[in-house]
Each structure stands twice: as structure tokens, then as C-alpha cells.
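This is what each chain is made of:
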Amino acid sequence: MSFPDGFKIEGPVQAEIFVVWLNGDALELTGPCGAAPWLIELGEPEHPVAAVERIVRDVVGPPVLVHSTSWRRDNDAVVLSFVVVIDASLVGDMASMPIARSELARSEATAAPTDIAYQQVLEHGLRHLAWLATDDPAVRDELSSGPWQRVLAPYIPEPFRALG
Amino acid sequence: MSNEQLLHVGCVCGWEAVGTEDEIVPAVLDHGERIHNMRGTREQVLANAKPAEQPASAEPSE
């Protein structure tokens, strides 16, 4: 833990969590840190997916889905990105904002993108979720209620990939 | 009303706490562990806390 200008998240492996939910027919981003990426430290011996599920459950409530969607090098760490789907009933007074579409960060043939905005990471995460919603029976089942399939349909499905 | 110095600590996520030493230390340590899975010490909190500019509420705020 360090506090140069307030405290920042450290550690060689971190998770960047995008907590998403459906507000009617609109995808929104929320979380305990507001409508923004939620960073946590990851360490031994807990599995990253288990750590994210545990912390989301403790802080927000039981998630519907927890999926790692990409990774990149940032903040002097390896950052694992997670899309976490929650039920609308868990949003409460957490700040929330509609998610806008974004261009993807594209790699060179043999090199990572030089600059990646969190909106691009989230765009890829939702494309990954769109792919899972059609390819993965467990995800398809969890997202079978409500308009999830319709809301995700405009996202071009993509598998997991490295962003940086 | 206490004359104890009010301190301020902010987190990269936007969370802030303002309060006395005894109020701010547990608030920051709780936020770090509960929200960010980080563990720290009282000394780490105090080494980087800054005097609060505004004499507002002494309650840690989220």
C-alpha cells in the first residue's frame, strides 16, 4: 500500500473489474468506485477468479457472472480485466452510467498497443461476453432472462485476447 | 468540539476520508482491504495523510 498522492493500487498482478448490469434495455457500468474500473490487488494463493468473485460478493452482492476477458501490462503490473454481471437489485446507491460504444485498441502484428483506454478494454470485454453468450452454455443460461441476448447482439463476438 | 488536526486521504478510485487520526486510520485501512484487497499499516496511512484544507465534518466520508 502506498500513498504518494492518496493511495494507489499496487502488486505485480491486479484485477480491473467492470461491474455491468442492465438498466431496462441499457447496459450500464457501476461499482463501489463509481461508474469506472474497479481495481484490486491479486496475490497468492487465491485464484484470480475466486478472489474477484469473493470481493464482489462481499462488497456488492452475489454476482451473476464473473469472466476474465483480457489482460495487459499497465501500472507496472499485469492487469487482468474482468466483466462482472450483477442483478439490477444490487446497484443500490452506487453511481452508474450508460456504456457507450468504443473503438477497440488494436495491436501491431508483433507488438502491443501503446495506449489503451478503459473504454476500449470494456468494449472488448462486452464483445467477449457476446461471444460467450452464444458459445458457452453456462453463460447463455445465466443471460437467458431479460433482454441480455438482444442487448449484446450488436457487439461483435470476440474471444479472450491480450490487449497489451 | 475537538481541536485535533483533521487529516485527508484520497484513493485513486475517488474515495476520500477526512477526520482525526483515530478516525481516518481505520477508515483507510478498511477501504483498502475491503474494496481493493490491500493491507497496510497505521504508519503507512499517517505517513501520507495530509492536513485537511476544509474544517468540514470529522466523519470519514465515502
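Thresholds, definitions, all that
- Residues numbered from 1 in each chain as written.
- Chains lettered and ligands numbered in written order.
- Predicted model: local features only at pLDDT ≥ 70, side-chain atom pairs only at ≥ 80, totals over all residues.
- Helix = DSSP H or I, 4+ residues; strand = E, 2+ residues; numbered from the N terminus.
- Contact = placed C-beta atoms within 7 Å.
- Pairing = 2+ DSSP bridges.
- Axes fitted to C-alpha atoms, helices over the stretch in contact; angles between N-to-C directions.
- Nonpolar A, V, L, I, M, F, W, Y, C, P; charged D, E, K, R; others polar.
- pLDDT = per-residue confidence, 0-100.
- Buried ≥ 20, exposed ≤ 12 C-beta atoms within 10 Å, placed from the backbone.
- Expected span 1.5 Å × (residues − 1).
- Arc of directions from axis to C-beta.

**Side note on the overall build of chain B**
Phase 1 of the analysis: Across its full length, chain B carries two helices and three strands.
Phase 2 of the analysis: From first element to last, N terminus to C terminus, chain B shows the α and β order β-β-α-α-β.
Phase 3 of the analysis: Counted over contacts in chain B with a minimum sequence separation of 6, partners at least 24 positions apart contribute 52%.

**A few points about the sheet that holds strand β3 (residues 50–51) of chain B**
All names here are of chain B.
Phase 1 of the analysis: The antiparallel open sheet is built from three strands, whose spatial order is β2-β1-β3. What marks the edges here is a single partner per strand, and that holds for β2 (16–19) and β3.
Phase 2 of the analysis: In terms of strand pairing, strand β1 (residues 7–10) meets β2 through four bridges, oriented antiparallel. When the sheet's bridge partners are listed, glycine 10 is paired in β2 with glutamate 16.
Phase 3 of the analysis: Lying over the sheet, helix α1 (residues 21–36) contacts β1 and β2, oriented at roughly 160° with respect to β2.

**A word on the interface of chain A and chain B**
You'll often see interface size given as the accessible area lost when the parts meet.
Phase 1 of the analysis: In this complex, chain A contributes 16 residues to the contact, which on the side of chain B involves 19 residues.
Phase 2 of the analysis: Of all the elements in the fold, those that place two or more residues in the side of chain A that touches chain B are β3 (38–42) and α1 (48–59) of chain A.
Phase 3 of the analysis: Broken down by element, the side of chain A that touches chain B gets its largest block of residues, four residues, from α1 of chain A.
Phase 4 of the analysis: For the side of chain A that touches chain B, the class distribution of residues is 11 nonpolar, two polar and three charged.

**Examining unusual backbone geometry**
Phase 1 of the analysis: The omega angle of the peptide bond from glutamate 44 of chain A to proline 45 of chain A is -5°, so this bond is cis rather than trans.
Phase 2 of the analysis: Topologically, proline 45 of chain A is positioned in the loop between β3 and α1.
Phase 3 of the analysis: The phi dihedral of asparagine 37 of chain B is positive, around 60°, even though this residue is not glycine.
Phase 4 of the analysis: Topologically, asparagine 37 of chain B is positioned in the loop between α1 and α2 (42–48).

**Remarks on the confidence of the model for chain A**
Phase 1 of the analysis: Averaged over chain A, the pLDDT score is 87; the fraction of residues at 70 or greater is 90%.
Phase 2 of the analysis: When mean pLDDT is compared element by element in chain A, strand β6 (residues 96–98) of chain A scores highest at 97, while strand β7 (residues 161–162) of chain A scores lowest at 60.

**Things to note about the environment of serine 70 of chain A**
Residues and elements named next belong to chain A.
Phase 1 of the analysis: Checked against the element boundaries, serine 70 lands in strand β4 (residues 65–74).
Phase 2 of the analysis: A count of 26 C-beta atoms within 10 Å places serine 70 in the buried class.
Phase 3 of the analysis: Separated by 51 residues in the primary sequence, serine 70 and valine 19 place their C-alpha atoms 15 Å from one another.

**Quick word on α1 of chain B**
Phase 1 of the analysis: Helix length check: α1 of chain B, at 16 residues, gives a terminal C-alpha distance of 21 Å against a target of 22 Å (1.5 Å per residue), a fit within 8%.
Phase 2 of the analysis: The set of residues buried in α1 of chain B consists of Ile24, Val25, Ala27, Val28, His31, Gly32, Ile35 and His36 of chain B.
Phase 3 of the analysis: On the buried face of α1 of chain B, the contacting elements are β3 and α1 of chain A together with β1, β2 and α2 of chain B.
Phase 4 of the analysis: Immediately beyond the C-terminal end of α1 of chain B, within one or two residues, lies asparagine 37 of chain B, with a positive phi of roughly 60°.

**Overview of α1 of chain A**
Residue and element names in this part refer to chain A.
Phase 1 of the analysis: Taking 1.5 Å per residue as the helical rise, α1 with its 12 residues ought to reach 16 Å, and the 16 Å between its terminal C-alpha atoms agrees with that figure.
Phase 2 of the analysis: Taken as a whole, α1 has its buried residues at Val52, Ile55 and Val56. Around the axis of α1, the buried residues are gathered within 100° of arc, so they sit on the same side. The exposed set on the far side of α1, more than 90 degrees from its buried face, consists of Ala50, Arg57 and Asp58.

**With respect to the pairing of strand β1 (residues 13–23) of chain A**
Residue and element names in this part refer to chain A.
Phase 1 of the analysis: Burial runs high along β1: eight of the 11 residues are buried.
Phase 2 of the analysis: Where β1 meets β3, five bridges bridge the pair, whose relative direction is antiparallel. Bridged to valine 13 within β3 is leucine 42.
Phase 3 of the analysis: Judged from the eight bridges that link them, β1 and strand β5 (residues 77–85) form a sheet pairing that is parallel. Looking at the pairing, valine 13 lines up with valine 78 of β5.
Phase 4 of the analysis: Bridge count for β1 against strand β2 (residues 26–30) is five bridges, and the pairing is antiparallel. Note on β2: the bridge partner recorded for valine 20 is leucine 29.
Phase 5 of the analysis: In sequence, β1 turns back onto β2 through a hairpin of two residues, with glycine 24 there showing a positive phi of about 70°.

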